[in-house]
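Coordinates in review
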Amino acid sequence: MKTKVIKANARSWNQKLKELSYIIKQGGLVAFPTETVYGLGGNGLDAKVAKKIYAAKGRPSDNPLILHVADKKDVELLVCDITPLERKLMDAFWPGPLTIVFPKKDIVPFEISGGLDTVAIRCPALEFTREWIRACGVPIAGPSANLSGKPSPTTVEAVLHDMDGRIDAIIDGGVTDIGVESTIVSARQNKIIIYRPGGITKEMLENYASVELDKGLTSSFIPPLAPGMKYTHYAPTSPLVVYTGDTKKVENKILSFINKKDKKYGFFVSEETAALLPEDAVVFCWGSRNNQQQMAHRLFQGLLYFNTNVVDEIIGEGTSHTGLGLAIMNRLTKASGYHIIVEST
Ligand code: TXA
Ligand code: MG
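Since this is a predicted model, take the numbers as computed values, not measurements.

Quick notes on the rules
- Residues numbered from 1 in each chain as written.
- Chains lettered and ligands numbered in written order.
- Predicted model: local features only at pLDDT ≥ 70, side-chain atom pairs only at ≥ 80, totals over all residues.
- Heavy atoms only, no water.
- UniProt positions renumbered as here; feature names shortened; annotations may be inferred.
- Helix = DSSP H or I, 4+ residues; strand = E, 2+ residues; numbered from the N terminus.
- Phe/Tyr/Trp six-rings, centres within 6.5 Å; stacked < 30°, edge-to-face > 60°.
- Buried < 20%, exposed > 50% of the residue type's maximum accessible area, 1.4 Å probe, protein only.
- Lys NZ or Arg CZ within 6 Å of the ring centre and 35° of its normal.
- Near = heavy atom within 4 Å.
- Polar contact = N/O pair within 3.5 Å; in protein donor to acceptor, adjacent residues only side chain to side chain.
- Areas by Shrake-Rupley, 256 points an atom, 1.4 Å probe, with all protein chains shown as cover.
- 1 Å grid on protein atoms, 1.4 Å probe; cavity = no way out; pocket = protein on both sides within 12 Å on 5 of 7 lines; lining within 4 Å.
- Sits in = over half its atoms within 2 Å of the grid points.
- Nonpolar A, V, L, I, M, F, W, Y, C, P; charged D, E, K, R; others polar.
- Axes fitted to C-alpha atoms, helices over the stretch in contact; angles between N-to-C directions.
- Parallel < 35°, antiparallel > 145°, perpendicular 65-115°, else oblique.
- Left-handed = near helix turned anticlockwise from the far one by under 90°.
- Contact = heavy atoms within 4.5 Å.
- Pairing = 2+ DSSP bridges.

In the UniProt entry, the feature "domain: YrdC-like" (unreviewed entry) is given for residues 14-200. Annotated as residues 14-200, this span is 29% helix and 21% strand, and its ends, taken at the C-alpha atoms, are 32 Å apart.

Right, here's the structure in full:
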């Protein structure tokens, strides 16, 4: 199969919209940009398409897919009911990087929901992506457009790397803005539970109700509420170890690897630490350590960087668990296979 790349919002976009929505109506697959990462889209009401998506990603079929809608009102067709708290969250954060888990109606096939009675729904922020979903006339099932277990793609190049020849088309919307996936929550019984930390932070959600983090995210004994969180994920080809905690100690620890000759080390660090590394070191700098937005934005690009700039081991620098840091540290924890070392004061 030849994978077409079509620029979003470019000349003759209306014509392109017709072409891209026709592919979906015919049961095909189109990767699409969102404000978080690229998704791998197909008709979210078609069980056969769900199977195609799982096959293209090499993903286990018990891991449910998120449905993307163009407008808030489109949720009603898909869910049994909407709680007042869910409504408040939709009004506050949609369109945007918040996914809400609802009890599903029969119209949503179990192949999409991974056999669950619930369905996860979000309304992505990019206007041209919503325009395309509207043109498709169905909700779009959209897992991240990477091969299962690999970092989520934030660029067209990264989507092509994993999906070229496996899908019909890619909508090119440039580099995605946030860089980590949406926050997934349930908001029943007047309580918010975070299934996956992401673009909308715990602190932002606390303005609406009490917020708990799914215990399955931090314990290896309790299964996570989002089935996908149990799989290893985001792994770069070389092992990654992340140092976090006291800034000065972390910096010293990272610098101590410069003179170690047992292995070839690569460094995935802040610009403050990068400035202290020798010029010939293999370094991916994710921006200032005081700017978590920049770090999230470049996180997956950084993990992919070490697939082409190959080293024996990647030494990473972590961040705090507050704000976007919760999502960043969750991804780094998985990418490193829980290899997080805390340098305490
Ligand atoms: O930002 C995002 O959310 C991106 C963009 C493309 O929208 N999508 C994304 O999808 O990250 P995916 O499939 O890579 O991750 C979806 C996660 C998985 O961990 C899955 O287990 C969980 O959502 N999930 C989906 N439906 C669920 C449900 N009904 N209950 C619990 N977890 C669910
Ligand atoms: Mg994913």
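Next comes the rest of the account.
Below, the discussion takes up unusual backbone geometry. Cis geometry marks the peptide bond from Trp 94 to Pro 95; its omega dihedral reads -10°. Along the polypeptide, Pro 95 turns up in the loop between helix 3 (84-93) and strand 5 (98-103). Look at Asn 9: it is not a glycine, yet its phi comes out positive at around 60°. The residue Asn 9 is located in the loop between strand 1 (4-7) and helix 1 (13-25) in this model.

So, about the packing of aromatic side chains. On inspection of all chains with the given rule, the structure shows 10 aromatic pairs. Judged by centre distance (5.1 Å) and plane angle (85°), the rings of Tyr 305 and Phe 306 are edge-to-face. On the basis of relative accessible area, Tyr 305 is assigned to the partly exposed category, the value being 25%. The exposure class assigned to Phe 306 is buried, which follows from its relative accessible area of 0%. Ring-pair connections join several aromatic residues into one group, and the members of that group are Phe 268, Phe 284, Tyr 305 and Phe 306. The ring of Phe 110 has Lys 104 lying over it, and the distance from NZ or CZ to the ring centre is 3.9 Å.

Around ligand 1 sit 28 residues in total, of which Thr 36, Asn 63, His 68, Ser 182 and Gly 228 are the nearest. Between ligand 1 and Asn 63 there is a distance of 2.6 Å, counted from an oxygen atom to a side-chain nitrogen or oxygen. Burial of ligand 1 by the protein amounts to 97% of the accessible area it has alone, namely 680 Å². A molecule is said to occupy a pocket when more than half its atoms come within 2 Å of that pocket's grid points, and by this definition ligand 1 occupies the largest pocket. Sort the elements by how many residues they give to the shell around ligand 1 and strand 6 (residues 118-122) lands first, with four residues. The class makeup of the residues in the shell around ligand 1 is 15 nonpolar, nine polar and four charged.

Running from N to C, helix 10 (residues 292-308) and helix 11 (residues 325-335) point in directions that differ by 20°, and their axes come no closer than 10 Å. The pairing of helix 10 with helix 11 is recorded here as roughly parallel in orientation. In this structure, helix 10 crosses over helix 11, and the sense of that crossing is left-handed. Mapping the contact onto sequence places Gln 292, Met 295, Ala 296, Leu 299, Phe 300 and Leu 303 in helix 10 and Gly 325, Ile 328, Arg 331, Leu 332 and Ala 335 in helix 11. Looking at the contact of helix 10 with helix 11 residue by residue, the classes come out as eight nonpolar, two polar and one charged.

Reading across from one edge, 1-8-2-3-7-4-6-5-9-10-11 is the order of the 11 strands in this open sheet, with mixed pairing throughout. This sheet does not close on itself; its edge strands, each paired only once, are strand 1 and strand 11 (210-213). Across four bridges, strand 1 lies against strand 8 (residues 169-172) in parallel orientation. By the bridge assignment for strand 8, Lys 7 is matched with Asp 172.

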